[in-house]
Each structure stands twice: as C-alpha cells, then as structure tokens.
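Chain and residue survey
For reference, the chains in residue letters:
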Amino acid sequence: MEILEAYDLAGSLRGAALLAGCDHKTVAHWVAVRDRDGGLGAKARRRPARDGFVGKIDEWVDRSHGKIRADAAHRKLLALGYGGSERTTRRAVAESKRRWRQRHGRRTRPWIPEPGLWCQWDYGDGPVVEGRATVLFCAWLAWSRYRVVLPLRDKTMPSVVLGLDRTLRRFGGAPTYALTDNEKTVSVDHVCGIAVRNPQIVEVARHYGLTIATCVPADPQSKGGSEATVRIAKADLVPTDHNLHAAYGSFGELEAACEEFMAHVNTRPHRSTQQPPVVRLAEEHEHLHRLPRRAHTVCFGQTRKVSWQSTISVGSAIYSVPSTLVDERVWARSDGDELVVVYADSPGGPQEVARHQLTTPGRPAICDEHYPPKPAGALERRPRARSREEQAFLEIGAGAERWLTRAAAAGTQRVRRKMAEAVDLAKLHGSERVEQALETCAQAGRFADGDLAAILAHQQSSGELILFPTPEAASLQGSTHSWEGFGR
C-alpha cells in the first residue's frame with residue numbers, strides 16, 4: 001500500500017506507518033511534501049521508477065553468486081542513468097539476493113549424530129602466560145556434547161598428540177572418526193580438492209583406532225560445532241576487557257581454570273539435549289573403542305631415566321624434572337632453543353612436566369620448583385625438643401627459641417640449668433611474662449646467672465625494659481690513634 005493512500009485511509013501518522021510498513025516519520029515527510037506541492041507529484045512517490053533496472057540487478061546478483069554489495073550496484077546503476085536513492089537500491093538488491101537464494105541456496109538434511117561415531121577438535125588463541133602465548137585445544141563428542149579444553153604451549157605435532165591422547169582418555173574411549181581443520185600437522189597438501197594426510201598423524205590415528213577426517217575450508221556445517229566450542233572457551237578463559245578476568249600467573253593456573261570450565265559446562269543441561277553432557281557420556285561409553293594402555297610416543301623424542309637427584313642428561317647437559325618422577329621414564333626433545341620433557345606413563349595421558357632453555361655441559365639447568373622445600377641450613381636451624389625438659393622450655397614461646405639460639409651462639413655456660421629456671425619462673429609468673437623477659441635477654445645479650453630473674457622483676461615493677469644500643473663513639477675499647485705516627 002502506498003504511504004499517502006494509507007495516510008488517507010487511516011487518518012494518522014502511526015496508523016499509516018503500520019499499514020505501509022515504514023516509519024511514522026517517513027509518513028510525516030511525504031504528507032508534508034504533498035501539502036506543500038498542493039497535490040501528489042513525482043517527488044511524493046515512495047520509490048523512484050526502477051522497473052527498467054531490476055533485470056540488470058538480477059543479472060549482477062546471479063553473476064556474483066549473491067556476493068555483490070548494494071553500494072557497488074548503486075554506483076553501476078548511476079552510471080546507467082538511474083535516478084533513485086541508495087536506500088531504494090539496497091532494498092532492490094536485498095530482494096534480488098533473496099530470490100537468488102531461493103533458486104540456488106544450499107539445501108541439506110540436518111546432521112543427526114550417532115553415539116560413539118564422531119568427535120571434533122580445533123584450536124583457539126589462549127592467554128599470554130609468563131610472557132608466552134598459549135593455545136587452547138578444544139574438543140567435543142558430537143552425540144553427548146561432552147567438551148574438553150586443554151591448554152598447550154604450541155600447535156606442533158608433539159603437542160597435538162599430547163592433547164589428543166589426554167582428550168581421548170577424558171572421553172573414556174576413542175570414537176570412530178575425528179574431524180578437524182586442515183592444519184599442517186594433519187594435511188600437508190591438497191590435490192584436486194583431496195587432503196593429503198601427514199604421515200605422522202596417520203600413525204597416531206592408527207595407534208588409537210581413529211580415522212582422521214578434515215572439514216571443507218570455510219564450511220560452517222562441518223566446523224560449526226568445534227568453532228562454537230572454541231568461541232565459548234575463549235570467552236570464559238581468555239582475559240579481556242569484557243569478562244574482567246585476571247591474568248594468569250603460571251601455566252598451572254591456566255590448567256586449573258580449564259578444569260573448572262569443563263566441570264561447569266559438562267554438568268549443566270545442554271540446550272539441545274536438555275541433559276548434562278556427563279550423563280550422556282556414560283551412555284556413549286558403550287559405543288567408544290578401548291584405548292591403548294600407553295600413549296603414542298614416536299614424536300616425543302628420546303627416553304631418559306630420572307636419577308635420584310631428579311635430573312636427566314641430554315647431550316651431557318643436566319636438566320631437572322619434578323622430584324616425584326625419580327626412577328621414572330620420561331621423554332625429552334628439543335623445540336627450537338628449548339628442551340621439552342614429557343611424562344607419558346601418567347594415568348591421565350602424556351603431560352609436559354618440564355621446559356628448559358638448552359644449556360651446555362657443566363652448566364646444569366635446575367628449577368627450584370621441581371624440588372620440595374629444602375631443610376634449614378646452619379644459619380636457619382630452629383630448636384627441636386628431644387626431652388620433656390626441652391619441650392617444656394620451648395613451649396614458653398618464640399622468645400624461648402630465640403634466647404636458646406643466641407645463648408648457644410654466645411657460648412653460654414650451664415644452659416640446661418638456666419632453661420629449667422625459666423620453666424620454674426613460667427609456672428610462677430606465667431609464660432607470657434617469662435617469654436617477654438627471655439626476648440629482652442636475647443636482644444641485650446644477657447645470659448649470665450640471675451639475668452633472667454632480674455629483668456623479669458624489673459618488668460613487673462617498672463614496666464617494659466627499654467634497651468638503647470651503645471653508639472660507637474661511647475665504646476670503652478681503646479683506639480689506635482696513638483699509633484698513627486709510628487714508623488715515620
């Protein structure tokens with residue numbers, strides 16, 4: 001219905017806008033134009049005449065397979081003498097594209113996954129941890145919608161095998177097919193549209209009983225599930241200005257965040273199935289293949305046995321590994337200027353346990369985090385009770401420990417008798433007061449007989465004892481000033 005005809009019929013701007021399918025301000029504009037011109041002229045038409053150009057627009061849309069932009073079509077129409085507005089051109093192009101999609105649009109049957117048949121994996125850019133970029137390995141089972149997100153250091157073949165093995169062990173089995181993108185670790189070339197597989201990934205797939213398949217480039221129907229998993233994982237795990245997530249201090253914090261994310265998304269009901277994925281995964285276990293006991297290790301490097309010092313030797317250079325792996329077998333490989341150590345016999349699958357800068361013989365690469373806290377040295381040793389009398393003295397408090405440490409360092413005589421005296425005074429005056437007196441004795445260096453009782457009596461009578469350090473100028477020690485002119 002024309003705008004002015006709708007206005008004459010409805011009698012109001014908003015009523016005419018509802019009938020004509022436009023904004024009420026547009027109705028007001030054309031009504032004002034008609035009132036100003038005194039009738040319905042050529043300017044008052046809603047759309048300029050474009051009947052002679054619709055065929056040309058359809059031709060351009062067909063030749064471009066529905067990709068031509070409206071602004072490009074409008075410039076072409078102006079060159080042909082078109083006098084309409086760009087807004088009218090946009091509407092005409094949109095209608096032409098809609099007609100073209102009805103004739104040539106893709107019509108496919110919806111994909112209904114079967115249990116135990118398909119899984120997908122893809123990658124996403126992870127957060128920067130300790131100055132290095134990370135990768136999020138995102139996988140999901142198509143039937144149960146069970147998702148796995150693992151942080152990786154890079155997208156090299158060893159990292160891919162590590163992530164794939166850990167993912168399958170979280171699934172509890174291997175599906176028949178694994179669909180992924182055309183990365184160089186999977187497809188090395190395309191010949192006549194057929195992907196040529198990487199020989200190493202073929203060996204890995206044979207080891208786990210998988211068939212690796214790759215999706216069509218830029219095809220949302222074959223990549224939509226994995227891309228959605230990557231998008232959701234990045235939105236929750238990668239710090240941005242929108243989610244206000246704090247930066248990760250270590251790679252272990254990122255792994256803990258991924259564990260928390262998986263526990264959240266796999267235990268809540270999924271939108272399409274209305275069931276938690278972990279519940280459907282239990283049903284899908286009956287259709288998954290059994291996994292081999294050991295991971296595929298052909299690309300992990302060379303094997304090394306961890307010594308009792310929690311180190312391995314590679315090229316006569318010493319590298320540390322976590323102390324929990326003593327006498328275990330690990331795999332070591334060089335990655336650029338780094339040495340990567342992987343433990344493949346873990347129940348949860350292969351895990352990267354250490355990463356060092358390459359070094360030379362005689363310069364061991366030792367990481368303190370790989371070892372438990374070392375015992376206190378000679379300067380940090382704390383007293384430990386070995387008898388009831390010693391325990392009773394140390395139970396007075398920290399001041400008693402400090403008194404004993406400094407008294408022993410000063411070579412004090414009859415220490416045990418003085419400790420027993422302190423225990424007796426604590427029974428009479430309380431542990432807090434005696435501890436304060438012992439602290440004062442330790443600070444002042446007073447360890448003689450009767451010093452503890454004297455300081456305790458002074459504190460009880462006149463309050464806390466204030467100690468002033470003796471300045472160097474007031475020292476009673478003789479100087480060497482008289483020897484300055486000796487020998488001249």
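Quick caveat, the model's predicted, so the values are computed rather than measured.

**What about the overall build of the chain?**
Scanning the chain from terminus to terminus reveals 16 helices and 13 strands. Accessible surface, the chain: about 29,400 Å² in total, of which carbon and sulfur atoms supply 52%.

**Details of the nonpolar core**
Generally speaking, a soluble globular protein has its nonpolar side chains buried in company with each other. Residues W121, V149, F171, L210, L237 and F300 are the most contacted members of the largest nonpolar core, which totals 51 residues. Residue assignment for this core shows that the elements contributing at least two residues are β1 (118-129), β2 (132-141), β3 (147-152), α7 (157-171), α8 (199-208), α9 (220-237), α10 (251-265) and β12 (338-343). What F300 contacts, discounting residues up to four positions off in sequence, is P158, V161, L162, W331, A332, R333, V342, A344 and P350. Among the nonpolar cores identified, the runner-up in size contains 22 residues, and L404, A437, C441 and A442 belong to it.

**Remarks on the packing of aromatic side chains**
Scanning the model with the defined rule gives 8 aromatic pairs in all. Centroid distance W118 to Y177: 4.8 Å. Interplanar angle 25 degrees. Geometry classified as stacked. Note that W118 is positioned in strand β1 and Y177 in strand β4 (residues 177-180), a separation of 59 residues in sequence. Judged by relative accessible area, which is 21%, W118 ranks as partly exposed.

**Points about α8**
Three or more residues of α8 are buried, namely I201, V204, A205 and Y208. Looking straight down α8, one finds its buried side chains confined to an arc of 100 degrees; they lie on one side. Looking at α8, the residues exposed on the side facing more than 90 degrees away from the buried face are P199 and R206. One side-chain oxygen at the N-terminal end of α8 lies 3.0 Å from the backbone nitrogen of Q200; it belongs to N198. Looking at the residues trailing α8, positive phi occurs at G209, about 75 degrees.

**Some details on the sheet that holds strand β8 (residues 302-305)**
In space, the 4 strands of this open sheet follow the order β8-β11-β12-β13, with antiparallel pairing throughout. The open sheet has two edge strands, β8 and β13 (351-357), and neither has a second partner. Put simply, the sheet's adjacent strands are angled 30 degrees from each other on average, direction ignored.

**So, the pairing of β4**
By the bridge criterion, 3 bridges tie β1 to β4 in an arrangement that is parallel. Paired with C119 across the strands is A178, a residue of β4. Note: β4 against strand β7 (residues 211-214), 4 bridges, orientation parallel. Bridged to T180 within β7 is T214.

**Let's talk about the confidence of the model for the chain**
Across the chain, the average pLDDT comes to 85, with 90% of residues at or above 70. The low-confidence segment residues 40-49, where pLDDT is below 50, has 18 contacts with residues more than four positions distant or belonging to other chains.

**Topic: the sheet that holds β1**
Read across the open sheet, the 5 strands follow the order β3-β2-β1-β4-β7; overall the sheet is mixed. Bordering the open sheet on either side are β3 and β7, each of which pairs with just one other strand. Each strand axis lies, on average, 30 degrees off the axis of its neighbour in the sheet, ignoring direction. Strand direction decides the pairing type here: β1 and β2, joined by 9 bridges, are antiparallel. The residue of β2 that forms the bridge with V128 is A133.

**Thoughts on the pattern of salt bridges**
Going through the model one piece at a time under the given rule, you end up with 22 salt bridges. The residue K155 makes a salt bridge to E183 at a minimum N-O spacing of 3.6 Å. Here E183 lies in the loop between β4 and β5 (187-191) and K155 lies in the loop between β3 and α7, a separation of 28 residues in the sequence. The exposure class of E183 is partly exposed, given its relative accessible area of 24%. Note that D335 and R355 form a salt bridge whose closest N and O atoms lie 3.9 Å from each other. Remark: R355 occurs in strand β13 and D335 occurs in strand β11 (residues 329-335); sequence separation between them is 20 residues. For R355, a relative accessible area of 17% puts it in the buried group.

**Digging into the pairing of β3**
Buried residues dominate β3, accounting for 6 of its 6 residues. Of the two faces of β3, the one carrying R147, V149 and P151 and the one carrying V148, L150 and L152 are both buried. The pairing of β2 with β3 spans 6 bridges and is antiparallel. Its bridge partner lying in β3, W140 is registered against R147. In this structure, the hairpin formed by β2 and β3 is closed by a connection of 5 residues, where R145 is found at a positive phi of approximately 65 degrees.

**Description of a negative patch on the surface**
Residues E130, E253, D368 and E369 make up a contiguous surface patch of negative charge. Note on placement: D368 falls in the loop between β13 and α12 (388-394). With a relative accessible area of 64%, D368 lands in the exposed category.

**Considering unusual backbone geometry**
Within the chain, R145 stands out as a residue other than glycine whose phi angle is a positive 65 degrees. Along the chain, the position of R145 falls in the loop between β2 and β3. Judged by relative accessible area, which is 18%, R145 ranks as buried. Although it is not a glycine, Q274 adopts a positive phi angle of roughly 60 degrees. Taking relative accessible area as the criterion, Q274 reaches 57% and is therefore assigned exposed.

The rules behind the values
- The numbers attached to residues start from 1 for each chain and follow its sequence in the written order.
- In view of the model being predicted, local features appear only for residues whose pLDDT reaches at least 70, and side-chain atom pairs are presented and counted only at 80 or more, with totals across whole chains, interfaces and linings using the full set of residues.
- Values shown for side chains rest on all heavy atoms present in the structure; no hydrogens or waters enter the calculation.
- In DSSP terms, a helix is any run of H or I states spanning at least four residues, a strand is any run of E spanning at least two, and both are numbered starting from the N terminus.
- Residue exposure ignores everything except the shown protein chains as possible cover, and the areas themselves are Shrake-Rupley values with a 1.4 Å probe.
- By nonpolar core is meant a set of buried Ala, Val, Leu, Ile, Met, Phe, Trp, Tyr and Cys residues that side-chain atoms within 4.5 Å join together.
- Throughout, exposure labels follow a simple rule: accessible area from a 1.4 Å probe, protein chains only, divided by the maximum for the residue type, with under 20% read as buried, over 50% as exposed, and the rest as partly exposed.
- By definition, residues are in contact when any of their heavy atoms lie within 4.5 Å.
- Two aromatic rings, drawn from Phe, Tyr or Trp (for Trp, its six-membered ring), form a pair once their centres lie within 6.5 Å of each other, and the interplanar angle then sorts them: stacked below 30 degrees, edge-to-face above 60, tilted otherwise.
- To be clear, the arc concerns the directions from the helix axis to the C-beta atoms.
- We call two N or O atoms a polar contact when they sit within 3.5 Å, provided that within protein one can donate a hydrogen and the other can accept it, with sequence-adjacent residues counted only if both atoms are side-chain atoms.
- Each pair of strands is called paired provided DSSP finds at least two bridges between the two strands.
- To obtain each axis, a line is fitted to C-alpha atoms, and for helices this fit is confined to the stretch in contact; angles are then taken between N-to-C directions over 0 to 180 degrees.
- Confidence per residue, as judged by the predictor, is encoded in pLDDT with a range of 0 to 100.
- When a carboxyl oxygen of Asp or Glu is within 4 Å of a side-chain nitrogen of Lys or Arg, the pair counts as a salt bridge.
- Patch membership requires more than 30% relative accessible area and the absence of a salt bridge. Residues of like charge join within 9 Å; the nonpolar side chains Val, Leu, Ile, Met, Phe, Trp and Tyr join within 5 Å.
- Neither His nor the chain ends contribute to the count of charged residues, in which Lys and Arg are positive and Asp and Glu negative.
- Taken as the charge location is NZ of Lys, CZ of Arg, CG of Asp or CD of Glu.

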